[in-house]
2 protein chains.
Amino acid sequence: MTQRLRGVLSPVVTPFRKDYTPDAQRFLRHCKWLLDHGCSGLAVFGTNSEANSLSVEERMTLLEQLVEGGVPAAQLMPGTGCSALTDSVRLTAHAVKLGCAGALMLPPFYYKGVPDEGLFRNFSEVIQRVGDERLQLYLYHIPPVAQVPITLALIERLLKAYPKQVAGVKDSSGDWSNTQAMIDAFAKQGFEVFAGSEVFLLRNMQAGGVGCITAGANVNPHGIDRVYRAWQTPEGAKLQADADKVRQILQSQVSMIPALKACIAHYAQDLDWMTVRPPLVELTLGERAKMVSELLAAGFEMPGIKA
Amino acid sequence: MTQRLRGVLSPVVTPFRKDYTPDAQRFLRHCKWLLDHGCSGLAVFGTNSEANSLSVEERMTLLEQLVEGGVPAAQLMPGTGCSALTDSVRLTAHAVKLGCAGALMLPPFYYKGVPDEGLFRNFSEVIQRVGDERLQLYLYHIPPVAQVPITLALIERLLKAYPKQVAGVKDSSGDWSNTQAMIDAFAKQGFEVFAGSEVFLLRNMQAGGVGCITAGANVNPHGIDRVYRAWQTPEGAKLQADADKVRQILQSQVSMIPALKACIAHYAQDLDWMTVRPPLVELTLGERAKMVSELLAAGFEMPGIKA
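Computed from a predicted model, the values in this text were never measured in an experiment.

## Focus on the overall build of chain A
A count of helical and extended segments in chain A gives twelve helices and seven strands. Here the C-alpha atoms of chain A give a radius of gyration of 18 Å, agreeing with the 19 Å that 2.2 N^0.38 yields for 307 residues. Burial status across chain A gives 63% buried among its 307 residues. Entry remark: accessible area of chain A is about 11,200 Å², with carbon and sulfur atoms responsible for 52%. Both charge centroids of chain A, one from 30 positive and one from 30 negative side chains, sit 2 Å from each other.

## Some words on the side chain of B:Ser172
All names here are of chain B. Along the chain, serine 172 turns up in the loop between strand E5 (166–171) and helix H7 (176–186). With a relative accessible area of 14%, serine 172 lands in the buried category. Ignoring any residue separated from it by four or fewer positions in sequence, one finds serine 172 in contact with Tyr140, His141, Ile142, Pro144 and Gly196.

## Notes on the interface of chain A and chain B
Often the size quoted for an interface is simply the accessible area lost on bringing the parts together. Facing 45 residues of chain A, the contacting portion of chain B comprises 45 residues. Both faces combined, the contact of chain A with chain B buries some 3,400 Å², and carbon together with sulfur accounts for 59% of it. When the buried area of chain A at its contact with chain B is split by residue, A:Tyr110, A:Tyr111 and A:Pro279 rank highest and sum to 23% of it. Inspection of the chain A/chain B interface yields two salt bridges. Where chain A meets chain B, there are 22 residue pairs in polar contact (both at pLDDT 80 or more). Those elements that place two or more of their residues in the side of chain A that touches chain B are helix H2 (56–68), helix H3 (85–97), helix H4 (116–130) and helix H5 (143–146) of chain A.

## Let's talk about the packing of aromatic side chains
In total, this model carries 15 aromatic pairs over all chains according to the counting rule given. Centre to centre, the rings of A:Tyr138 and A:Phe194 are 6.0 Å apart; their planes meet at 65°, and the pair counts as edge-to-face. Of this pair, A:Tyr138 sits in strand E4 (residues 137–141) while A:Phe194 sits in strand E6 (residues 192–195), placing them 56 residues apart in sequence. Given a relative accessible area of 0%, A:Phe194 falls into the buried group. Each ring, one from B:Phe186 and one from B:Phe191, has its centre 5.7 Å from the other, and the planes form 75°; the classification is edge-to-face. Cluster of aromatic residues (ring-pair linked, three or more members): A:Phe109, A:Tyr110, A:Tyr111, B:Phe109, B:Tyr110 and B:Tyr111. Stacked on the ring of A:Tyr110, the Lys or Arg A:Lys112 has its end atom at 5.5 Å from the ring centre. Stacked on the ring of B:Phe120, the Lys or Arg B:Arg157 has its end atom at 3.9 Å from the ring centre.

## Some remarks on unusual backbone geometry
Between A:Pro278 and A:Pro279 the backbone carries a cis peptide bond, its omega angle lying at 15°. Here A:Pro279 lies in the loop between helix H11 (256–267) and helix H12 (285–297). Unusually for a residue other than glycine, A:Glu50 sits at a positive phi of about 55°. The phi dihedral of B:Gln147 falls on the positive side, at around 65°, and the residue is not glycine. For B:Gln147, a relative accessible area of 32% gives the class partly exposed.

## Let's talk about the sheet that holds E4(A)
Pairing between sheet strands relies on hydrogen bonds along the backbone, with the strands arranged either parallel or antiparallel. All names here are of chain A. The strand order E2-E1-E7-E6-E5-E4-E3 describes an open sheet built from seven strands, whose pairing is parallel. Each having just a single partner strand, strand E2 (41–42) and strand E3 (103–105) make up the two edges of the open sheet. The sheet contact formed by strand E1 (residues 7–10) and strand E7 (residues 211–213) spans three bridges and is parallel. Paired with glycine 7 across the strands is glycine 211, a residue of E7.

## Description of the nonpolar core
In terms of nonpolar packing, the biggest core is built from 222 residues, with A:Leu42, A:Val44, A:Leu139, B:Leu42, B:Val44 and B:Leu139 touching the most fellow members. Setting aside residues up to four positions removed in sequence, A:Leu42 forms contacts with A:Leu9, A:Ser10, A:Val12, A:Cys31, A:Leu34, A:Leu35, A:Val71, A:Gln75, A:Leu76, A:Met77 and A:Pro78.

## A word on the relation of the copies chain A and chain B
Expressed as a screw transformation, the operator carrying chain A onto chain B has a rotation angle of 180° and an axial translation of 0.0 Å, and the superposed copies differ by an RMSD of 0.0 Å. The superposition operator between the copies reduces to a two-fold rotation axis. Ranked by how close their C-alpha atoms come to the rotation axis, the residues of chain A are headed by A:Tyr110, at 3.9 Å. The fraction of interface residues of chain A whose copies in chain B are also interface residues reaches 100%, indicating that both copies meet through the same surface.

## Re empty space enclosed by the protein
Tallied over the full model, the rule gives seven cavities of 30 Å³ or more. For the largest cavity, the calculated volume is near 240 Å³. Lining the largest cavity we find 22 residues, and of these A:Cys82, A:Ser83, A:Asp87, B:Ser83 and B:Asp87 sit closest to its centre. Of all the secondary-structure elements, those providing two or more residues to the lining of the largest cavity are H2 of chain A together with helix H2 (56–68) of chain B. Here the lining of the largest cavity is built from residues that sort into twelve nonpolar, six polar and four charged.

## What about the sheet that holds strand E2 (residues 41–42) of chain B?
Residue and element names in this part refer to chain B. Strands sit in the order E2-E1-E7-E6-E5-E4-E3 across an open sheet of seven strands; the sheet is parallel. Only two strands of the sheet have a single neighbouring strand rather than two, namely E2 and strand E3 (103–105). Sheet topology places E3 next to strand E4 (residues 137–141); three bridges connect them, and they run parallel. Counted as the bridge partner of alanine 103 is leucine 137 from E4. Sitting on the sheet, H7 is in contact with E4, E5 and strand E6 (192–195), with an inclination near 165° to E5. Where helix H9 (residues 221–230) meets the sheet, it contacts strand E1 (7–10) and strand E7 (211–213), and its direction lies at approximately 155° from that of E1.

## Some thoughts on the side chain of A:Asn52
Tracing the sequence through the fold places A:Asn52 in the loop between E2 and H2. Since its relative accessible area comes to 6%, A:Asn52 is described here as buried. Ignoring anything within four residues of it in the chain, the contact list for A:Asn52 reads A:Arg59, A:Gly81, A:Leu106, A:Phe109, B:Ser83, B:Ala84, B:Tyr110 and B:Tyr111.

## Focus on the state of the cysteines
Residue and element names in this part refer to chain B. According to the stated counting rule, one finds zero disulfides over all chains in the structure shown. Here cysteine 31 stays unpaired: no disulfide links it, and the sulfur of cysteine 39, its closest cysteine neighbor, is 9.2 Å away. With no disulfide of its own, cysteine 39 has cysteine 212 as its nearest cysteine by sulfur position, at a separation of 8.7 Å.

## Details of the pattern of salt bridges
Counted by the stated rule, this structure contains 34 salt bridges over all chains. Taken together, the shared-partner salt bridges connect A:Lys18, A:Asp23, A:Arg26, A:Asp270 and A:Asp272 into one network.

So, how was this worked out
- Residues numbered from 1 in each chain as written.
- Chains lettered and ligands numbered in written order.
- Predicted model: local features only at pLDDT ≥ 70, side-chain atom pairs only at ≥ 80, totals over all residues.
- Heavy atoms only, no water.
- Helix = DSSP H or I, 4+ residues; strand = E, 2+ residues; numbered from the N terminus.
- Rg over C-alpha atoms; globule rule 2.2 N^0.38 Å.
- Buried < 20%, exposed > 50% of the residue type's maximum accessible area, 1.4 Å probe, protein only.
- Areas by Shrake-Rupley, 256 points an atom, 1.4 Å probe, with all protein chains shown as cover.
- Lys, Arg positive; Asp, Glu negative; His and termini not counted.
- Charge placed at Lys NZ, Arg CZ, Asp CG, Glu CD.
- Contact = heavy atoms within 4.5 Å.
- Buried area = accessible area lost by both parts, 1.4 Å probe.
- Salt bridge = Lys/Arg side-chain N within 4 Å of Asp/Glu carboxyl O.
- Polar contact = N/O pair within 3.5 Å; in protein donor to acceptor, adjacent residues only side chain to side chain.
- Phe/Tyr/Trp six-rings, centres within 6.5 Å; stacked < 30°, edge-to-face > 60°.
- Lys NZ or Arg CZ within 6 Å of the ring centre and 35° of its normal.
- Pairing = 2+ DSSP bridges.
- Core = buried A, V, L, I, M, F, W, Y, C linked by side-chain atoms within 4.5 Å.
- Least-squares fit on C-alpha atoms with pLDDT ≥ 70 in both.
- 1 Å grid on protein atoms, 1.4 Å probe; cavity = no way out; pocket = protein on both sides within 12 Å on 5 of 7 lines; lining within 4 Å.
- Points joined across faces, edges and corners; volume = space filled by probe spheres on them.
- Nonpolar A, V, L, I, M, F, W, Y, C, P; charged D, E, K, R; others polar.
- Axes fitted to C-alpha atoms, helices over the stretch in contact; angles between N-to-C directions.
- Disulfide = S-S within 2.5 Å.

Remember that the coordinates give geometry; whether it matters functionally is a separate question.
What follows is the structure, encoded as structure tokens:
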């Protein structure tokens, strides 16, 4: 087992060419920039990566290209949870085989109102079929998008059945009381709770969590990592407020994923970064200009970012 | 172009072995029973088929096995809409190549609150990439599950751009006024509206729709087909009430898909039919017994069904 990841992880946005094919070189470059500027790990193929707009093969190929390109597998926590059990097994086994630090798993998200028993069976089948002690499974709770929650009762049952494999959670509920409840219930057993947004990072560290996995880290890894490093110091609150300001600008745009890509496009002076895959739509030039002016007014920079 | 399907279509439930692998022989047998007992077509790989719990490869293999096993492709309307654009293109092209009468497409369903422009691009890309005049695309509107709607404005735009490819819709909104609005707006242009439940069949035919694609047709194709054949006669209302009674029993169970499978398991005396893939959970023996007693009390039969 590799060492567990902590700190600031980015669900890395996936660059596409104009024909919507994934651009492996841009992807690799962005991953390396993130690791050089504050990210301790990369939760590639998350929601903000448009992972659910990619086929299983596209995800596997991109992951291999990252590792071949020099991104340490020990810093990777790819998303591997799909709607279909067989896809989740395939992606998870692939990630473990490559030596990834962990796998971040959505629940199967098409069927709604399913019982915890069915979700338990889903994760249980994945763990058993992958059948590899190296697997470190992180549950991905994002009810606003997946519409299928991961409850405390489900976590308890999974931890009891697979204490060595079930490593933690990313809580993207946006509800701090839920994150707190997860920490209170399971952190003592070594279960690691990541906040799903940097706005909860300071609170999460103070409560006993281990970091955050957040969209904002795609453009502001340095600002968010500063909060992480200083959380026990008097500067923590001020640095958190600085990070919140950037987050606030990003998420007040028309749509978060296109906003992140437009931000990178601007600072890297690389307009192809604007492209998103359907069903998402890129920001208009006017929307981008508005966002950029707000970011510049806030003194925001992406140091060292390149086309 | 093959002739368009009308009448009663079943979103065929997919049988699994105890290890959750699809059982092609049982699937073929059930498809043939459906075509022999009232279904004019088979909307395999719909919501009730647990299609979103199957990988792309599993769906392609099963479809090929049906055609090789003697199910006419001209009676098949497989579901081909996935979360990932590349998967939707692959499945749709495969269905067209096999000669299927149509493809029933979900919108990409992971990302929520996406603009119609993004959904238009999704369907447009599929039509253009498949690039085959034989493609007959049926839009699948099922907001309670997909959580991503297909609006009238989107249909209008797609029909304008691709009048030969955009053939119709399955409306599983459960909202009759929406089905009526789709017919009123587009039926005159040859756009074919299927109700998403047999409970709307008579109304749909009277309003100018062409049939229904309904879960209930998995077990009661004969009863629903009777409504379809008699819709212009005085017996239509009585036959609709009979079909409604069976539907009511099925959907009052704990969960619809497991209930359909438990029903087949009982009448075919083939308990392996109970199996559902996670995240769904099969009915308990007690739940099945309750449903069966209600069905028997209503005089319900599945004539000719076999293990």
